[in-house]
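Letter by letter, the chains look like this.
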Amino acid sequence: MLHTPTSALTILPLEDALCLDQTLHCGQAFRWREISPGVHRGVAGDRAVSVWVQQGYLYVSGDDAPDAEAFWRNYFDLNTDYTAIKTTLSAHPPLKAAVDYAPGIRLLRQGAFEALISFIISQNNHIGRIGAIIERLCERWGEDLGGGAYSFPTPERLAALSLPDLAPLQAGYRDKYLLDAAVRVASGALDLTEVAALPLAEARAALMEIKGVGIKVADCALLYGFYRAEVCPMDVWMKRGMAALLPEGWPESVRPIAGIAQQYLFHYARTCPEALSGG
DNA sequence: AGCCAGGGTCTGC
DNA sequence: GCAGACCATGGC
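Bear in mind the structure is a predicted one, so any value in this text is a computation, not a measurement.

Please clarify how the packing of aromatic side chains should be interpreted in this entry.
The geometry of an aromatic ring pair is captured by two quantities: the separation of the ring centres and the angle between the planes. Across all of its chains, the model carries 14 aromatic pairs by this definition. Ring centres of F113 and F152 lie 6.1 Å apart, and the angle between their planes is 80°; on these two criteria the pair is classed as edge-to-face. On the criterion of sequence distance, the pair formed by F113 in helix α5 (residues 112-121) and F152 in the loop between β7 (149-150) and α7 (155-159) is long-range, its members being 39 residues apart. A single burial state applies to F113 and to F152, both of which are buried. Geometrically, the ring pair formed by F119 and Y224 is stacked, given 5.0 Å between the ring centres and 15° between the ring planes. Of the two residues, F119 is situated in helix α5 and Y224 in helix α12 (residues 215-226); the sequence distance between them amounts to 105 residues.

Please explain the pairing of strand β3 (residues 39-44) as it appears in this structure.
Looking along a regular strand, one sees the side chains alternate between the two faces of the sheet. Burial within β3 is extensive, with 5 of its 6 residues counted as buried. As defined by bridge partners, strand β2 (residues 33-36) adjoins β3 across 3 bridges and the pair is classed as antiparallel. Each bridged residue has a counterpart across the sheet, and for E34 the counterpart in β3 is H40. Hairpin connection of β2 to β3: 2 residues between the antiparallel strands, including G38 at a positive phi of 85°.

In this structure, what is going on with the protein's contact with DNA strand B? I would like to understand it.
Every one of the 27 residues lining DNA strand B counts as a neighbour, but G27, N125, I127, R240 and Q262 are closest to it. Take the atoms of DNA strand B that sit within 4 Å of the protein: sugar and phosphate atoms are 57% of them. At 3.2 Å, a backbone N or O of K216 approaches a phosphate oxygen of DNA strand B. V217 places a main-chain nitrogen or oxygen 3.0 Å from a phosphate oxygen of DNA strand B.

What should I look at first to understand helix α3 (residues 82-90) in this one?
Along an α-helix, a turn takes 3.6 residues, which lines up residues three or four apart on a common side. When α3 is considered as a whole, its buried residues turn out to be Y82, I85, K86 and L89. Buried residues along α3 cover an arc of 90° about the axis, so they all sit on one side. Among the structural elements, α4 (93-101) and α14 (258-271) are those in contact with the buried residues of α3. By the N-cap criterion, in which a side-chain oxygen at the helix start approaches the backbone nitrogen of a residue two or three places on, α3 is capped by D81, the distance to T83 being 3.1 Å.

What should I look at first to understand the pattern of salt bridges in this one?
Note on pairing: side chains with opposite charge can pair once their charged atoms come close. Tallied over the entire structure, the rule returns 9 salt bridges. Two residues, R109 and D77, come together in a salt bridge whose shortest N-O distance is 3.0 Å. Here D77 lies in the loop between α2 (68-75) and α3 and R109 lies in the loop between α4 and α5, a separation of 32 residues in the sequence. When its relative accessible area of 1% is taken as the criterion, D77 is described as buried. One salt bridge in this structure joins D180 and R184, with 2.8 Å as the shortest N-O distance. Here the residue D180 and the residue R184 both occupy positions in helix α9 (residues 175-187), the gap between them amounting to 4 residues, near one helical turn. Each of R31, R33 and E135 takes part in one network of salt bridges that share partners.

When you look at the protein's contact with DNA strand C in this model, what are you seeing that I'm missing?
Within the structure, DNA strand C sits among N124, H126, R129, Q170, G172, Y173, R174 and K176. Sugar and phosphate atoms represent 60% of those atoms of DNA strand C found within 4 Å of the protein. Between Y173 and DNA strand C, the recorded distance is 3.3 Å, taken from a backbone N or O atom to a sugar or linking oxygen. Here a base nitrogen of DNA strand C sits 3.3 Å away from a polar atom, N or O, in the side chain of R174. Class assignment of the residues belonging to the surface near DNA strand C gives a composition of 1 nonpolar, 4 polar and 3 charged.

What is the right way to look at the domain arrangement of chain A in this model?
Where the parts come together, the accessible area they lose is often given as the size of the interface. In terms of domains, chain A is made up of domain 1 (9-79) and domain 2 (112-226). Contacts between domain 1 and domain 2 engage 10 residues on the former and 15 residues on the latter. For the pair domain 1 and domain 2, the summed buried surface comes to about 1,100 Å²; carbon and sulfur atoms form 60% of the total. Linking domain 1 with domain 2 are 2 salt bridges, by the criterion used here. For R31, the salt bridge identified is with E135, shortest N-O distance 3.7 Å. Put simply, domain 1 and domain 2 have 2 residue pairs in polar contact (both at pLDDT 80 or more) between them.

Conventions adopted
Residues numbered from 1 in each chain as written. Chains lettered and ligands numbered in written order. Predicted model: local features only at pLDDT ≥ 70, side-chain atom pairs only at ≥ 80, totals over all residues. Heavy atoms only, no water. Phe/Tyr/Trp six-rings, centres within 6.5 Å; stacked < 30°, edge-to-face > 60°. Helix = DSSP H or I, 4+ residues; strand = E, 2+ residues; numbered from the N terminus. Buried < 20%, exposed > 50% of the residue type's maximum accessible area, 1.4 Å probe, protein only. Pairing = 2+ DSSP bridges. Near = heavy atom within 4 Å. Polar contact = N/O pair within 3.5 Å; in protein donor to acceptor, adjacent residues only side chain to side chain. Arc of directions from axis to C-beta. Contact = heavy atoms within 4.5 Å. Salt bridge = Lys/Arg side-chain N within 4 Å of Asp/Glu carboxyl O. Nonpolar A, V, L, I, M, F, W, Y, C, P; charged D, E, K, R; others polar. Domains from an automatic or database assignment. Buried area = accessible area lost by both parts, 1.4 Å probe.

See the structure below:
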């Protein structure tokens with residue numbers, strides 16, 4: 001199917017805070033770039049768009065599909081009550097500090113395969129470089145969406161490649177891991193639709209059958225690709241943040257949304273110097 | 001130049 | 001079950 005850039009504009013009312021800079025550049029997604037102040041361009045699925053927030057509305061430019069409104073409402077999680085979430089989190093002072101630091105963060109609902117591959121690439125890597133590798137991946141094997149934008153490659157397209165093909169990615173030792181993931185998904189050995197319906201422990205175990213996927217990458221896929229909001233990926237920054245701010249672990253009331261709490265705490269620990277120094 | 005990064009695997013205890 | 005070496009790459 002052929003897509004051409006369009007000027008179609010979707011306007012979505014915001015009932016809670018949404019800060020695009022905080023949400024799109026806090027390490028949960030890697031395909032968004034700020035092209036002018038406050039305007040971000042990126043791709044989700046086969047939709048390449050520019051987005052910005054103005055006076056309580058989210059503007060999405062470039063998607064003329066009939067379901068554009070529903071798609072972007074879902075992507076930016078606009079059907080979830082973040083005021084209620086932040087009230088729950090703010091009952092605990094360390095979490096209140098994290099929420100107040102960046103209250104416009106929301107959990108994006110990304111595609112399962114894209115999230116899986118992206119976080120395989122993320123292992124022992126820097127956020128900036130993860131984005132660069134993913135960009136090369138999409139430019140080479142994604143669908144051309146026009147305007148210099150490319151979709152995320154399909155499992156089938158990646159599964160047809162060999163390791164030497166992947167060398168230009170400069171992904172290091174992770175290339176064989178992402179190839180294994182693509183082969184398993186494309187062959188049907190790993191059915192992501194089935195994973196979505198599995199109990200948490202089984203879903204995690206299914207993902208961890210992929211070479212190079214341990215508990216952290218599996219949890220990132222579950223949180224960002226399957227919207228398991230109770231899953232909390234523990235990377236080096238979260239370990240530091242939890243040790244400094246919540247040494248007793250998550251409060252009971254937070255556990256069902258620990259993944260969302262994690263997003264605030266991760267960003268706080270990683271970017272605010274005072275967060276880890278006895279705040 | 002060395003250290004680190006949204007880790008995982010393998011080995012050895 | 002846990003510690004340590006090792007893995008590719010590039011920014012700082």
